[in-house]
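Spelled out, the chains give:
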Amino acid sequence: MDETRVAWPTKQRELQSAKFDSAVWNDFTFRDDDVVIATYEKAGTTWVQQIVAQLIFQGETGVDVPTISPWLDMRLPPASEKLTMLKAQRHRRFLKTHLPVDALVYSPRAKYLYVGRDGRDVAWSLYNHLTSYTDAYLDQLNALPGWDGPPLRRPDGPARAFFFEWMTRDGWPIGPFWDHVRGWWAIRDLPNLMLLHYAALKADLPGEIRRVAEFLGIEVDPQHWPAIIEHCSFGFMKAHAADFAPRRGSGFAGGADSFIHKGTNGRWRDVLSEAECGWYDDVAGRQLGQDCARWLQGGAVRA
């Protein structure tokens, strides 16, 4: 691909909520080979951050991923604090975003990893995440300046009810889901973007880590591969949950264990009927197109 003729995405809008503000990207200065990990919430962000950290630091233990790899568009901590910290970093930088691509400053200098996950799995994981927020954390988020919209609150009722509200209100209370996936899928052929899938990471973690390493141009000393793979396993991350949770889990009623919860797919299978699953598939197909919908479901379409 002739990169001089690439139609690079441009920022089309600003998005704000009680949790995030896209304007911070306007003040971020990219460096060559920055890594941006992009997902809708609860689609595998922390997992891929750990993969990238382990590749950059060659299997080291004790890498403080939540601190050195911030969620740049989140309102906490303040934007100026994160930008100053990132400017001072001398290692290869990697950070995360939960923004749709048209609310992001997209740079040809960076490498992007977008992670997809079946919407039903996202909803079930998101339900656990939101219901674990402490009152103090919700109050802190809702009191932040620059947002006068609806306050963030915990879901009422069971996961099943949350799923249907999340679907019918198009991603409430986080933000539109289909638009998020559709936008990143549309630019999947860009030379600096790789699409990953949560189900593929679960099915072949070593293989997917090697794919990421190749895409990022990171050479790994063969002796470090066993440590990298072990440190990226769910068992390791669950056992060291406090090392991966933001604020070391202080915003969650169950602590860090609530942030890294089960790491499983398909919890909805014993809850949703066959007809309800068919309804979800129909909505996904209409919103995304059949190829993208099959990919999001973890099907055979290779992004």
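Above this text you will find the structure in question.
Residues numbered from 1 in each chain as written. Predicted model: local features only at pLDDT ≥ 70, side-chain atom pairs only at ≥ 80, totals over all residues. Heavy atoms only, no water.

K.L.:
Pulling in residues and values, what's your account of the nonpolar core?
P.N.:
Within the largest apolar cluster, 65 residues are counted, with the highest numbers of intra-cluster contacts made by Trp25, Tyr112, Trp166, Trp178, Trp184 and Leu193. The element best represented in this core is helix H4 (residues 119-131), accounting for 6 residues. When near neighbours in sequence (up to four residues on either side) are disregarded, Trp166 contacts Tyr40, Gly119, Val122, Ala123, Leu126, Gly171, Trp172 and Phe177. Of all hydrophobic cores here, the second largest spans 34 residues; its members include Val48, Ile51, Leu113 and Leu205. (Core = buried A, V, L, I, M, F, W, Y, C linked by side-chain atoms within 4.5 Å. Buried < 20%, exposed > 50% of the residue type's maximum accessible area, 1.4 Å probe, protein only. Helix = DSSP H or I, 4+ residues; strand = E, 2+ residues; numbered from the N terminus. Contact = heavy atoms within 4.5 Å.)

K.L.:
Break down the pattern of salt bridges for me, with residues and values.
P.N.:
Evaluation of the coordinates by the stated rule reveals 16 salt bridges. Between Asp156 and Arg153 there is a salt bridge, with the nearest N and O atoms lying 3.3 Å from each other. Residues participating in the shared-partner salt-bridge network are Arg13, Asp102, Asp179 and Arg182. (Salt bridge = Lys/Arg side-chain N within 4 Å of Asp/Glu carboxyl O.)

K.L.:
Would you mind going over the layout of surface pockets in detail, with residue names and values included?
P.N.:
A volume near 470 Å³ is recorded for the second largest pocket. For the second largest pocket, the lining is made up of 26 residues, of which Ser17, Phe20, Pro173, Ile174 and Gly175 are closest to its centre. For the lining of the second largest pocket, the per-class residue count stands at 13 nonpolar, 6 polar and 7 charged. (1 Å grid on protein atoms, 1.4 Å probe; cavity = no way out; pocket = protein on both sides within 12 Å on 5 of 7 lines; lining within 4 Å. Points joined across faces, edges and corners; volume = space filled by probe spheres on them. Nonpolar A, V, L, I, M, F, W, Y, C, P; charged D, E, K, R; others polar.)

K.L.:
Kindly report on the packing of aromatic side chains, identifying the contributing residues and their values.
P.N.:
Taken as a whole and assessed by the stated rule, the structure comprises 25 aromatic pairs. Ring centres of Tyr133 and Tyr137 lie 5.0 Å apart, and the angle between their planes is 75°; on these two criteria the pair is classed as edge-to-face. The same class applies to Tyr133 and to Tyr137, which are both buried. Among the aromatic residues, those joined into a cluster by ring pairs are Tyr40, Trp124, Phe163, Phe164, Trp166, Phe177, Trp178, Trp279 and Tyr280. The positively charged end of Arg210 is found above the aromatic ring belonging to Trp225, 4.1 Å away from the centroid. (Phe/Tyr/Trp six-rings, centres within 6.5 Å; stacked < 30°, edge-to-face > 60°. Lys NZ or Arg CZ within 6 Å of the ring centre and 35° of its normal.)

K.L.:
If you had to explain helix H5 (residues 135-142) to someone new, which residues and values would you point to?
P.N.:
When we look at burial in H5, the residues that qualify are Tyr137, Leu138 and Leu141. Buried positions in H5, seen along its axis, are confined to an arc of 100° and lie on one side of it. Exposed residues on H5 whose side chains face more than 90 degrees from its buried face are Ala136 and Asp139. (Arc of directions from axis to C-beta.)

K.L.:
How would you explain the pairing of strand E1 (residues 35-39) if you had to name every residue and give the values?
P.N.:
The element E1 is largely enclosed, with a buried count of 5 among its 5 residues. Of the two faces of E1, both are covered, the one formed by Val35, Ile37 and Thr39 as well as the one formed by Val36 and Ala38. In this structure, E1 lies alongside strand E2 (residues 94-97), joined through 4 bridges in parallel fashion. Along E2, the bridge assignment pairs Val36 with Leu95. Direction of pairing for E1 relative to strand E3 (residues 111-116): parallel, over a ladder of 5 bridges. Of the residues in E3, the one forming a bridge with Ala38 is Tyr114. (Pairing = 2+ DSSP bridges.)

K.L.:
An account of the packing of H4 against helix H6 (residues 159-168) is needed here, citing residue identities and associated values.
P.N.:
One way to put it is that H4 packs onto H6 with a least axis distance of 9 Å and a crossing angle of 120°. Classed by the angle they form, the pair H4 and H6 counts as oblique. Every pair of crossing elements has a handedness; the one defined by H4 and H6 is right-handed. Of the residues in H6, those touching H4 at Gly119, Arg120, Val122, Ala123, Trp124, Leu126, Tyr127 and Leu130 are Ala159, Arg160, Phe162, Phe163 and Trp166. Considering only residue class, the contact of H4 with H6 consists of 10 nonpolar, 1 polar and 2 charged. (Axes fitted to C-alpha atoms, helices over the stretch in contact; angles between N-to-C directions. Parallel < 35°, antiparallel > 145°, perpendicular 65-115°, else oblique. Left-handed = near helix turned anticlockwise from the far one by under 90°.)

K.L.:
Provide a residue-level description of the sheet that holds strand E4 (residues 193-197), including the pertinent values.
P.N.:
Pairing between sheet strands relies on hydrogen bonds along the backbone, with the strands arranged either parallel or antiparallel. Spatially, the 4 strands line up as an open sheet ordered E2-E1-E3-E4, and their pairing is parallel. Pairing within the sheet leaves two strands with one partner each, and these edge strands are E2 and E4. Taken over all neighbouring pairs, the strand axes of this sheet differ in orientation by 25° on average, direction set aside. Note that E3 and E4 share 5 bridges and pair parallel. Bridge pairing in E4 links Gly116 to His197.

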